[in-house]
Amino acid sequence: MDLRFTDEENAFREEVRSFIRENLPKPVHAKMLEHRALSKDEVVSWQRILNARGWATPSWPAAWGGPGWTAVQRYIFLDELHQFPAPEPVSFNVSMIGPVIGTFGSDEQKARLLPRIANLDDWWCQGFSEPGAGSDLAALSTSAIRHGDHYVVNGTKMWQGMGHRADWMFTLVRTDPAAKKQAGISFLLIDMKSPGLSVQPIITIDGRHEVNSVFLDNVRVPVAQRVYLENKGWDVAKFLLGNERTGIARIGMSKYLIRRAKQIAAQVQDGDRTLAEDAGFRRRCAEIEVELKALEITQMRVLAAMGEHAEKPDPRSSILKIKGVELRQAASELLLRAAGPLALAAEGEYDPPNPEDAPADTEWGSTIAPVYFILRAASIYGGATEVQKNILAQAVLGLPK
Ligand SMILES: Cc1cc2nc3c(=O)[nH]c(=O)nc-3n(C[C@H](O)[C@H](O)[C@H](O)COP(=O)(O)OP(=O)(O)OC[C@H]3O[C@@H](n4cnc5c(N)ncnc54)[C@H](O)[C@@H]3O)c2cc1C
């Protein structure tokens, strides 16, 4: 197994890097550098720039209008986005519902929806989890009762990322309450403007509004908006959740967090030297960087084993999820340590030692503690760490359930 990039792959990396540098709008890059939230318009316009180049849907085959990249090309593309840093294409669209429609959708659904998903004409959110169904997703209880050519949907969905921005929600509902857990579930597409649907914000520990609860009160959904067969939605869900896990290591993001921590540490005076020269700080940087290198090699091994186009997610991608999250969390701790008290500062809050001096601009630090806080959630979404360990124990180590 050769784990080095080929000349063609290195040339591809250069092409991607130049494109991002030349085309990412400067204000968006400035926000990404400081971990600031992007507006909906900023996300949409960047995705359309990528789509015009044919790059908004890295995992899609050419038959769906995607670039038909190999697994290694996809990895390189995401790594370059993360390291610059630039926004990823919206994953609810391109990594979740797009591949579902391409694989399970009717010809009509493919023709109508795939181009709109790629161009972010419709923003999608994921309506899977419920107050009583998270890791044990098949326990979901939102009901969909068929009346002629419509389902009537009732229930509560929870944690919908960007649900307040979304035009559509793909969701799992129970269409046969008498069937055994997984057997009675269907996969529906619901218009967020449907009468009876309401969205309520959940403010997370970083102080931001990204996730929501979605309430469904007698929402009528045309049967034509079901994907795949009635009561076979669990097959679709398993496929989607497997895709969610691939590419989840986000090594480039950790590299960027460390780069920023080092830049800040070089400005922080610690006695007669800067924090960047402190032995403890340097050792921690090196420890995380060594582990990242090892993870990168593991990622290459998983990609090599998955083969050229990697249609089927590999259970070993759970290793990438667990370790990738741990290292991103460790890198965010380093960033927090570098910024010190300024990690929570708001503009004008910091009193300079000499009252004659102008107030220092410390607002740049205000987004750092929120990054640290929200990364705690990364070991929960996309499949909690304990659940990933169960997958590894059973599917990779062969231990009994
Ligand atoms: C920031 C954020 C964004 C999210 N975005 C979305 C979204 O867009 N759409 C959506 O549908 N959902 C979303 N989720 C929900 C997410 O998928 C669930 O939170 C996750 O599946 C865990 O479910 P739970 O919260 O009900 O916790 P639980 O499943 O109740 O888990 C609680 C704890 O028990 C552990 N545990 C559970 N089962 C086992 C087991 N069998 N063995 C060992 N330990 C176990 C878990 O690891 C966890 O530590 C999001 C969550 C967060 C935090």
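Everything numeric in this text was worked out from a predicted model, so none of it was measured.

About the criteria used
- Note on numbering: residues in each chain are counted from 1, in written sequence order.
- Per-residue local features are limited, in this predicted model, to residues with pLDDT of at least 70; the limit for side-chain atom pairs, both in listing and counting, is 80 or more; totals at the level of whole chains, interfaces and linings are taken over all residues.
- Side-chain descriptors were evaluated using all non-hydrogen atoms of the structure, hydrogens and water having been removed beforehand.
- Domain start and stop points were drawn from an automatic or database domain assignment.
- We call two residues in contact whenever any of their non-hydrogen atoms come within 4.5 Å of each other.
- Defined in terms of a 1.4 Å probe, buried area is the accessible area two parts forfeit on being brought together, summed over both.
- A pairing counts as a salt bridge when a side-chain nitrogen of Lys or Arg comes within 4 Å of a carboxyl oxygen of Asp or Glu.
- Proximity is defined per residue: any heavy atom of the residue falling within 4 Å of a molecule or strand makes that residue near it.
- In protein, a polar contact requires one atom able to donate a hydrogen and another able to accept it; more generally it is a pair of N or O atoms within 3.5 Å, and residues adjacent in sequence count only if both atoms are side-chain atoms.
- Classification used: nonpolar for Ala, Val, Leu, Ile, Met, Phe, Trp, Tyr, Cys and Pro, charged for Asp, Glu, Lys and Arg, polar for all others including Gly.
- Under the scheme used here, helices are H or I runs from DSSP no shorter than 4 residues and strands are E runs no shorter than 2 residues, and both carry numbers assigned from the N terminus.
- To estimate the expected span of a helix, count its residues, drop one, and scale the result by 1.5 Å.
- Each residue is assigned to one of three classes by its accessible area relative to the maximum for its type, calculated with a 1.4 Å probe on protein chains only: buried under 20%, partly exposed between the two thresholds, exposed over 50%.
- At least two DSSP bridges between two strands are needed for those strands to be called paired.

Segmenting the protein into domains produces domain 1 (7-89), domain 2 (124-233) and domain 3 (246-396). Between domain 1 and domain 3, the contact holds 19 residues from the first and 24 residues from the second. Here domain 1 meets domain 3 over a buried area of about 1,700 Å², counting both sides, of which 53% is carbon and sulfur. Taken together, the links from domain 1 to domain 3 amount to three salt bridges.

To continue, consider the site of the ligand. What surrounds the ligand is a group of 17 residues, the closest being Q126, S129, S135, W159 and E386. Within the side chain of S135, an N or O atom sits 2.6 Å from an oxygen atom of the ligand. For the ligand, a nitrogen atom lies 3.1 Å from a polar atom in the side chain of N390. Among the residues making up the shell around the ligand, the classes are represented as nine nonpolar, seven polar and one charged.

Before going further, it helps to spend a moment on helix α6 (residues 107-118). Since the α-helix turns once every 3.6 residues, residues separated by three or four places project in the same direction. Taking 1.5 Å as the rise per residue, α6 with 12 residues should run 16 Å; its terminal C-alpha atoms sit 17 Å apart, in good agreement. Packing partners of the buried residues in α6 comprise α3 (40-52), α5 (91-104), β1 (124-127), β5 (185-191) and β8 (226-227). Two residues or fewer after α6 comes L120, characterised by a positive phi angle close to 60°.

Here the residue pair F84 and P85 is connected by a cis peptide bond, since its omega of -5° sits within 30 degrees of zero. With a phi close to 60°, L120 is a non-glycine residue in the positive phi region. Here L120 lies in the loop between α6 and β1. The backbone of M162 shows a phi angle near 60°, a positive value even though the residue is not glycine. Mapped onto the fold, M162 is located in the loop between β3 (150-158) and β4 (168-174). You can call M162 buried: its relative accessible area is 16%.

The next subject is the pattern of salt bridges. This structure, assessed with the given rule, holds 26 salt bridges. Notably, a salt bridge pairs E15 with R53, separated by 2.7 Å at the nearest N-O pair. Of this pair, E15 sits in helix α1 (residues 7-23) while R53 is found in the loop between α3 and α4 (71-83), placing the two residues 38 residues apart along the sequence. The exposure class assigned to E15 is partly exposed, which follows from its relative accessible area of 39%.

Mapped onto the secondary structure, R13 falls in helix α1. On the basis of relative accessible area, R13 is assigned to the buried category, the value being 11%. Reaching out from R13, the side chain makes a polar contact with the side chain of E80 at a distance of 2.6 Å. Aside from chain neighbours lying at most four places away, what touches R13 is F5, I76, D79 and E80.

So, on to the pairing of β1. The alternating pattern of β1 places W124 and Q126 on one face and C125 and G127 on the opposite face, and all of these are buried. Direction of pairing for β1 relative to β4: parallel, over a ladder of four bridges. Directly across from G127, in β4, lies its bridge partner T171.

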